[in-house]
Amino acid sequence: MVTGLVMKQKVLKVGRNDPCPCGSGKKYKKCCAGNQDKAPLDISGEYHRKYGIRIKQQKDIDGIRKAGQLVIDTLDMVENKIRPGMTTDDINTLVHEFTIKHHATPACLNYKGFPKSVCTSVNEVICHGIPGDRVLKGGDIINVDVTSILEAYYADANKTFFVGAPGPDAKKIVNVAAGSLKAALSIAAPGQRIGDIGFAIQDYAEGRGCSVVREFVGHGVGFEFHEPPQVPHFGRQGEGIELVPGMVFTVEPMINIGGKKLNVLDDNWTAVTADKSLSAQFEQTILITETGCESLTPYDIDSVIERSS
């Protein structure tokens, strides 16, 4: 729970009729005035003005967490049903119907023209795979990326699943991708920087002989599907925006067992490895807390690592 920031900076003085520093466009007196749940205006206002980042308040965090639980329930449902012989469009139907049944909206559907309710990325597909008539075979890996909108809040997570019995390359890339996410979450805390997250991922993945995709990054989420900041999965320690409590964003490293280069297919969505090597990804939506981070889309990364070892 966010109870206020402890960073020592000069507090911004705002008149009741001034624009609210949170960036809502409302007057301060009709927005954040007197709300004790709000982060100090020096931080929330500064981060919105400088970076476009909207610090989440307790009611927002609760809403994103609720949406996040639906995302995890959706992924668990899919994991229990994945089998050889089903198509990626079968997965789309499962996700769409489950989301609607739980009074939510699939954020992917019609987002910038994306035609389906979920991204399904098989084997050499890095991300943004469009569900269709591709039939899953034993030994495949498939990433299922779910974003749900529930009561106006967005949450985003994905997992890579084995289809049947995995081969050694499939086990390795899933293991390294899951470990990369774990490495990032282990250092995400106030005072760290965006570059520290990228460095942790890059160091972990490249240290195990894999490569990190550069073209796609994590992002802020909660009020919208994609918000500032961008969160690259590579970088240098000590660089980038400093993390502060109330920031909510995704960490979603895309790791290739071969080279890092990619191609985007003619549908302008599907990204594939240039060398046709396997790619895997794991994603969670996280909140920076006073002492570290909390996943708002929590699942057991350690069990994934153990099963793929």
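In this report, the structure presented in the accompanying data block is examined. Everything numeric here is computed off the predicted structure, so don't read it as measured data.

Another point: the sheet that holds strand S10 (residues 254-256). Strand order in the open sheet formed by three strands is S6-S10-S13, with antiparallel pairing between adjacent strands. Two strands bound the open sheet, and with one partner strand each, they are strand S6 (211-212) and strand S13 (279-281). Here S6 pairs with S10 via two bridges, running antiparallel. Each bridged residue has a counterpart across the sheet, and for valine 212 the counterpart in S10 is isoleucine 255.

Attention now moves to the packing of helix H4 (residues 168-187) against helix H5 (residues 194-206). For the pair H4 and H5, the least separation of the axes is 8 Å and the interaxial angle reads 145°. Once H4 is placed against H5, the crossing between them reads as right-handed. Of the residues in H5, those touching H4 at Val176, Gly179, Ser180, Ala183, Ala184 and Ile187 are Asp196, Ile197, Ala200, Ile201, Tyr204 and Ala205. Across the contact of H4 with H5, the residue classes tally to nine nonpolar, two polar and one charged.

We now examine unusual backbone geometry. With an omega of 5°, the peptide bond between proline 228 and proline 229 qualifies as cis. Tracing the sequence through the fold places proline 229 in strand S8 (residues 227-231). Look at asparagine 123: it is not a glycine, yet its phi comes out positive at around 55°. Relative to the assigned elements, asparagine 123 resides in the loop between strand S2 (119-122) and strand S3 (125-127).

Residues Ile82 and Val144 are the most contacted members of the largest nonpolar core, which totals 81 residues. Ranked by residue count, the leading element in this core is H4, at ten residues. Discounting chain neighbours no more than four positions away, the residues touching isoleucine 82 are Ile91, Leu136, Ile142, Val144, Phe161, Phe162 and Val163.

Per the stated rule, a full pass over the model turns up five aromatic pairs. Taken together, a centroid distance of 4.7 Å and an interplanar angle of 55° make the contact between tyrosine 111 and phenylalanine 225 tilted. With tyrosine 111 in the loop between strand S1 (105-106) and S2 and phenylalanine 225 in the loop between strand S7 (218-220) and S8, the pair connects residues that are 114 residues apart, well separated along the chain. When its relative accessible area of 8% is taken as the criterion, phenylalanine 225 is described as buried.

As a further point, take the pattern of salt bridges. Scanning all chains against the criterion turns up 14 salt bridges. A salt bridge links lysine 66 to glutamate 151; the shortest N-O distance between them is 2.8 Å. Taken together, the residues lysine 66 in helix H2 (residues 58-81) and glutamate 151 in the loop between strand S4 (141-150) and strand S5 (153-162) connect sequence positions 85 residues apart. Overall, glutamate 151 belongs to the exposed group, its relative accessible area being 55%. Lysine 182 is paired through a salt bridge with aspartate 302; the nearest N and O atoms lie 2.6 Å apart. One end of the pair, lysine 182, is in helix H4; the other, aspartate 302, is in helix H6 (residues 301-307), and 120 residues separate them in sequence. Taking relative accessible area as the criterion, aspartate 302 reaches 42% and is therefore assigned partly exposed.

Among the five residues of strand S14 (residues 284-288), five are classified as buried, and the element is accordingly described as predominantly covered. Going residue by residue along S14, you find Gln284, Ile286 and Ile288 tucked away on one face and Thr285 and Leu287 tucked away on the opposite face as well. Across four bridges, the pairing between strand S9 (residues 248-251) and S14 is antiparallel. Its bridge partner being in S14, valine 251 is matched across the sheet by glutamine 284. The pairing of S14 with strand S15 (residues 293-295) spans three bridges and is antiparallel. Its bridge partner being in S15, isoleucine 288 is matched across the sheet by cysteine 293. Counted along the chain from S14 to the antiparallel partner S15, the turn is four residues long.

Cut-off values and rules
Residues numbered from 1 in each chain as written. Predicted model: local features only at pLDDT ≥ 70, side-chain atom pairs only at ≥ 80, totals over all residues. Heavy atoms only, no water. Pairing = 2+ DSSP bridges. Helix = DSSP H or I, 4+ residues; strand = E, 2+ residues; numbered from the N terminus. Axes fitted to C-alpha atoms, helices over the stretch in contact; angles between N-to-C directions. Left-handed = near helix turned anticlockwise from the far one by under 90°. Contact = heavy atoms within 4.5 Å. Nonpolar A, V, L, I, M, F, W, Y, C, P; charged D, E, K, R; others polar. Core = buried A, V, L, I, M, F, W, Y, C linked by side-chain atoms within 4.5 Å. Buried < 20%, exposed > 50% of the residue type's maximum accessible area, 1.4 Å probe, protein only. Phe/Tyr/Trp six-rings, centres within 6.5 Å; stacked < 30°, edge-to-face > 60°. Salt bridge = Lys/Arg side-chain N within 4 Å of Asp/Glu carboxyl O.

Honestly, that's just the spatial picture; any functional story needs more than this.
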